[in-house]
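Residue-level listing of the chains:
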Amino acid sequence: QVQLVESGGGLVQPGGSLRLSCAASGRFVSIQTMGWYRQAPGQQRELVATITSGGNTNYVDSVKGRFIVSRESAKNTVFLQMNSLNPVDTAVYYCTANVRVSWSSLWTDYWGQGTQVTVSS
């Protein structure tokens, strides 16, 4: 079983910064892409940023230049540095990882439980 545990959410004022972390644990042999999605109240879940095992990154347009996704593969951990936060960034942020639990298995997406990020004065 694969578990993803997020941390680092909270309340921050507009213009502030937060750093989210997500660590994968359990039985698996490889992790391909890791990343972050978010879901605001009444909205659909949207992709925020992803990073491949090779370090290639992808961002939704609204966070480009403000958020940075990074990864420490040796610790199966992905980070999201969020700068210049504004109220529209308020959402539950979910970590995701594309994982192979054995060399004969298919790649499967796993999700964390989510961490709340609230941007408000």
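Please refer to the structure higher up on the page.
Note that the coordinates shown come from a computational prediction; the quantities given were computed from them, not determined experimentally.

Rules behind the numbers
Residues numbered from 1 in each chain as written. Predicted model: local features only at pLDDT ≥ 70, side-chain atom pairs only at ≥ 80, totals over all residues. Heavy atoms only, no water. Pairing = 2+ DSSP bridges. Helix = DSSP H or I, 4+ residues; strand = E, 2+ residues; numbered from the N terminus. Axes fitted to C-alpha atoms, helices over the stretch in contact; angles between N-to-C directions. Disulfide = S-S within 2.5 Å. Buried < 20%, exposed > 50% of the residue type's maximum accessible area, 1.4 Å probe, protein only. Core = buried A, V, L, I, M, F, W, Y, C linked by side-chain atoms within 4.5 Å. Contact = heavy atoms within 4.5 Å. Salt bridge = Lys/Arg side-chain N within 4 Å of Asp/Glu carboxyl O.

## Focus: the sheet that holds strand 8 (residues 77-82)
Strands belonging to one sheet form pairs held by backbone hydrogen bonds; the direction of such a pair is parallel or antiparallel. The strand order across the open sheet formed by 4 strands is 1-3-8-7, and the pairing between neighbours is antiparallel. This sheet does not close on itself; its edge strands, each paired only once, are strand 1 (2-7) and strand 7 (67-72). This sheet shows a mean twist of 15° between the axes of neighbouring strands, independent of strand direction. When strand 7 meets strand 8, the two strands line up antiparallel, connected through 6 bridges. Looking at the pairing, V69 lines up with L80 of strand 8.

## Here's the deal with the state of the cysteines
A complete count under the given rule lists 1 disulfide for this structure. Between the sulfur atoms of C22 and its disulfide mate C95 the distance is 2.0 Å. Between C22 and C95, the S-S dihedral sits near -80°, and the bridge is therefore left-handed. In this pair, C22 is assigned in strand 3 (residues 18-26) and C95 in strand 9 (residues 91-100), connecting sequence segments 73 residues apart. Accessibility assignment for this pair places C22 and C95 in one class, buried.

## Some words on unusual backbone geometry
The residue N76 is not glycine, and still its phi comes out positive at about 50°. Positionally, N76 belongs in the loop between strand 7 and strand 8. Residue classification places N76 among the partly exposed positions, given a relative accessible area of 24%. You will see that S84, though not glycine, has its phi angle at about 50°, which is positive. One can find S84 in the loop between strand 8 and strand 9.

## Digging into the pairing of strand 11 (residues 115-119)
Burial along strand 11 is one-sided: T115, V117 and V119 are buried, while Q116 and T118, pointing the other way, are not. Direction of pairing for strand 2 (residues 10-12) relative to strand 11: parallel, over a ladder of 3 bridges. By the bridge assignment for strand 11, V12 is matched with V119. Where strand 9 and strand 11 come together, 3 bridges link them in antiparallel fashion. Within the sheet, the bridge partner assigned to V92 lies in strand 11 and is Q116.

## Observations regarding the nonpolar core
Considering soluble globular proteins, one finds that nonpolar side chains tend to be buried as a cluster. Counting residues in hydrophobic clusters, the biggest one holds 29 residues, and the most contacted among them are W36, L80, M82 and Y93. For this core, the secondary-structure elements that each account for two or more residues are strand 1, strand 3, strand 4 (30-39), strand 5 (46-51), strand 7, strand 8, strand 9 and strand 11. Setting aside chain neighbours within four positions, we find M82 in contact with G16, S17, L18, L20, R66, F67, Y93 and V117.

## Considering the pattern of salt bridges
Across all of its chains, the model carries 5 salt bridges by this definition. With a shortest N-O distance of 2.7 Å, E46 and R38 are connected by a salt bridge. What makes E46 partly exposed here is its relative accessible area of 31%. One salt bridge connects D89 with R66, and the closest N-O pair in it is separated by 2.8 Å. Linking D89 in the loop between strand 8 and strand 9 with R66 in the loop between strand 6 (57-59) and strand 7, this pair joins segments that are 23 residues apart in sequence. The pair D89 / R66 is uniform in exposure class, with both members buried. Salt bridges sharing common partners tie together R38, E46, R66 and D89.

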